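Observations on the three-dimensional arrangement
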Amino acid sequence: MKNYTKLGHAELKVLGKTVKLPLYGGTEDEKGIDISQLREQTACITLDPGYANTGSCTSGITFIDGEKGILRYRGYAIEDLAKNASFLEVAYLLIYGELPNPTQLSAFVNKITRRSMIPEGMKRFFHGYPESAHPMSILSAMICSLSAYYPDCIHNHPETMDLNICRIIAKIPSIAAFSYKQSIGQPIIEPMNKLNYTENFLRMMFAVPTEEYDVDPVAARALEMILILHADHEQNCSTSTVRIAGSSQANLYASISAGICALWGYLHGGANQAVIDMLRQIRNDGGDVKKFIRQVKDKKSGVRLMGFGHRVYKNYDPRASILKKACDDVLAKVGTDGRPLLDIAKKLENAALHDDYFVERKLYPNVDFYSGIILRGIGIPSDMFTVIFAIGRLPGWIAQWLEMRESPTFRIARPRQIYTGNNLRKYVPLKKRETLSKKVASILKIKGEPKAKEKVEWSRQ
Ligand code: SDX
């Protein structure tokens, strides 16, 4: 594997045996102990809840230095890309490994622009959802359903792979915007080829059939930047889900749909929506950030400072820095009422960064802390925030999925476990089971002994 060099070995003493495990290094001074022979040599496995110390793969796509707050896509600094690139240019870079030349970029953009419509039959699906449906539930279902319309994807044939990559990137904004229109009882607005990717999405979101709609260029550029900042982030929860689903040879649409479901969780991609809810709650409670910080520090409250903390960044998330700066510019130009929430966010950040509780735990703002303020500023409703995250992350998921399948060490993901349940016990015929064990009874909260033939009303929690 290129750029993956053997540095020597680690020695492990276990159960009276010393084993040597190969030690490898990557191109950015990260080191890993290869434990692929561990169980065979020691009859032991490793345990690492949440995989905080476990690498699942080698990858040449995204590099993060959590201590220094560095993020690079294929070696390019996120600051450079956010300032200078378009989102589809970054998508091309992540998926194909190099920045496209003008001919490559225009061909890629053209392939995507011309595939933004969704199959006519799929539109009927939207009407089946209640208006209250969360758009992430629709997005994950629709993306997986695309495999029904493009069965050539099922066997992941290389010759149609590029076509399916362009199809999914092209259609995700349309599906997202259509789910929003469905939720507000408005007619679907079809994509328009003369517009670029973000302009098209904003028009599909906010135009109505009865009048012309001019996309605000400030909003389009702000969305472009947000999508770029979310485009990839090495082996996060949803990307690992895409890799694991794809490792069984599940097709691209099915694997991405699995990633969308993982992203939905409020500890991951759902955090941007939770941040806005948190800021609104503080505002409605009189704006007392110190009172909220006290609540967060009181473990019993179960309250977390959403948009803060990160498994990898133990310094400022570089994406949060870029977004914080952009908040002022965007809100000044789009002139919405986002300023009060931005002021609360800045006060909250300042209070936390000067509080030992957060400093000791190296908790800094992450990408979700400011992104919602910008999205809200350009008119995106908060339950669409995680959908925007998914649109941004899609090229990264695709790049990671392709890299996993092309890896020389490709095999189905199947972690091990340490069993802690009952040892072997004999089956007890029903007639001999005089009473359910106390433990089962307390779990099922059965009131009194069920009498034979009586209908048992169990209060199962
Ligand atoms: C994303 O992985 C990625 O790359 C994700 C992402 C991407 O681009 O894909 O960057 C996107 O998901 C960003 C994170 C969005 N989530 C949030 O903002 C939710 C709030 N943050 C957390 O819940 C938490 O910080 C996580 C989930 C992000 C990280 O969790 P970890 O690494 O498992 O950390 P932990 O829960 O073990 O916390 C360590 C300590 C604990 O205190 P102690 O038990 O040591 O006393 O820090 C505390 C936690 O209680 N802590 C927080 C906190 N986050 C951690 N306390 C208050 N508020 C917080 N937000």
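All right, on to the sheet that holds strand 2 (residues 17–25) then. Here we have three strands laid out as an open sheet, ordered 1-2-3, and antiparallel in their pairing. Sheet topology places strand 1 (5–14) and strand 3 (31–33) at the edges, where each strand pairs with a single neighbour. Taken over all neighbouring pairs, the strand axes of this sheet differ in orientation by 30° on average, direction set aside. Note that strand 1 and strand 2 share nine bridges and pair antiparallel. Bridging across to strand 2, V14 finds its partner in K17.

This part covers the packing of aromatic side chains. Counted according to the given criterion, the structure contains 14 aromatic pairs. Their ring planes at 50° and their centres at 6.4 Å tell us that F125 and Y149 sit as a pair that is tilted. Separated by 24 residues along the polypeptide, F125 in helix 5 (residues 120–128) and Y149 in helix 6 (residues 135–149) bring together distant segments of the chain. The exposure class assigned to F125 is partly exposed, which follows from its relative accessible area of 32%. Aromatic pair F126 and F178: ring centres 5.8 Å apart, planes at 70°, arrangement edge-to-face. Here F178 lies in helix 7 (residues 158–183) and F126 lies in helix 5, a separation of 52 residues in the sequence. Take F126: its relative accessible area is 1%, and that puts it in the buried class. Accessibility expressed as a relative area gives 0% for F178, which makes it buried.

Before going further, it helps to examine the packing of helix 7 against helix 18 (residues 385–406). Contact geometry for helix 7 and helix 18: axes closest at 10 Å, N-to-C directions at 170°. As summarised for this structure, helix 7 and helix 18 are arranged roughly antiparallel, according to the angle between their axes. Between helix 7, through M161, I165, I168, I169, I172, P173 and A176, and helix 18, the contact on the second element is made entirely by V387, A390, I391, L394, I398, W401 and L402.

As enumerated under the stated definition, the model contains zero disulfides in all. C57 forms no disulfide, and the closest cysteine sulfur to it belongs to C237, at a distance of 14 Å. For C237, which is in no disulfide, the shortest distance to another cysteine sulfur is to C261 and amounts to 11 Å. Judged by relative accessible area, which is 48%, C237 ranks as partly exposed.

Turning next to the environment of V208. The residue V208 is located in the loop between helix 8 (197–206) and helix 9 (217–229) in this model. The spatial distance from the C-alpha of V208 to the C-alpha of V242 is 35 Å, given a sequence separation of 34 residues. With residues near it in sequence (within four places) discarded, V208 still touches K181, Q186 and I189.

Those residues of helix 5 not exposed but buried are G121, M122, K123 and F126. For helix 5, the secondary structure elements touched by its buried residues are helix 6 and helix 7.

Strand order in the open sheet formed by three strands is 4-5-6, and the pairing between neighbours is antiparallel. Bordering the open sheet on either side are strand 4 (62–65) and strand 6 (76–77), each of which pairs with just one other strand. Sheet topology note: the strand 4/strand 5 (residues 70–73) ladder contains four bridges and is antiparallel. Residue T62 lies in a different strand from strand 5, and its bridge partner there is Y73.

Turning to the pattern of salt bridges, a few remarks are in order. In total, this model carries 16 salt bridges according to the counting rule given. As a salt-bridge pair, E28 and R72 come within 2.8 Å of each other at their nearest N and O atoms. Taken together, the residues span a long stretch of sequence, with E28 in the loop between strand 2 and strand 3 and R72 in strand 5 at a distance of 44 residues. When its relative accessible area of 35% is taken as the criterion, E28 is described as partly exposed. The exposure class of R72 is partly exposed, given its relative accessible area of 23%. The partner of K31 in a salt bridge is D29, and the shortest N-O contact between them spans 2.9 Å.

Within the structure, the ligand sits among 23 residues, and H233, R304, H310, R311 and R319 are positioned closest to it. For the ligand, an oxygen atom lies 2.9 Å from a polar atom in the side chain of H268. Relative to its unbound accessible surface of 1,000 Å², the ligand loses 77% to contact with the protein. Grouping the constituent residues of the shell around the ligand by class yields nine nonpolar, seven polar and seven charged.

About the criteria used
- The residue numbering used here restarts from 1 in each chain and proceeds along that chain's sequence as written.
- Local features in this predicted model are restricted to residues of pLDDT 70 or higher, and side-chain atom pairs are both shown and tallied only at a pLDDT of 80 or more, whereas totals for entire chains, interfaces and linings draw on every residue.
- Note: side-chain values were computed over all heavy atoms of the structure, leaving out hydrogens and water.
- Think of it this way: DSSP has to see at least two bridges between two strands before they count as a pair.
- Starting at the N terminus, helices and strands are each numbered in turn, a helix being any DSSP run of H or I of at least four residues and a strand any DSSP run of E of at least two.
- Helix axes use the C-alpha atoms of the stretch in contact, all axes being lines fitted to C-alpha atoms, and the angles between their N-to-C directions lie in the range 0 to 180 degrees.
- Note on ring pairs: Phe, Tyr and Trp rings are taken, using the six-membered ring of Trp, and paired if centres are within 6.5 Å. Classes follow the plane angle, with under 30 degrees stacked, over 60 edge-to-face and the rest tilted.
- Between buried and exposed lies partly exposed: a residue is buried under 20% and exposed over 50% of the maximum accessible area for its type, with that area taken using a 1.4 Å probe on protein chains only.
- Orientation is classified from the angle alone, with under 35 degrees giving roughly parallel, over 145 giving roughly antiparallel, 65 to 115 giving roughly perpendicular, and any other angle giving oblique.
- What makes two residues a contact is simply this: any of their non-hydrogen atoms within 4.5 Å.
- The disulfide criterion used throughout: a pair of cysteine sulfur atoms within 2.5 Å.
- We define a salt bridge as a side-chain nitrogen of Lys or Arg found within 4 Å of a carboxyl oxygen belonging to Asp or Glu.
- Throughout, near means a residue has at least one heavy atom within 4 Å of the molecule or strand.
- Within 3.5 Å is the distance limit for a polar contact, defined as a pair of N or O atoms, with the added protein rule that one can donate a hydrogen and the other accept it, and that residues adjacent in sequence qualify only through two side-chain atoms.
- All accessibility values rest on the Shrake-Rupley procedure with a 1.4 Å probe; residue burial counts only the protein chains present in the view.
- In this classification, Asp, Glu, Lys and Arg are treated as charged, Ala, Val, Leu, Ile, Met, Phe, Trp, Tyr, Cys and Pro as nonpolar, and every other residue, Gly included, as polar.

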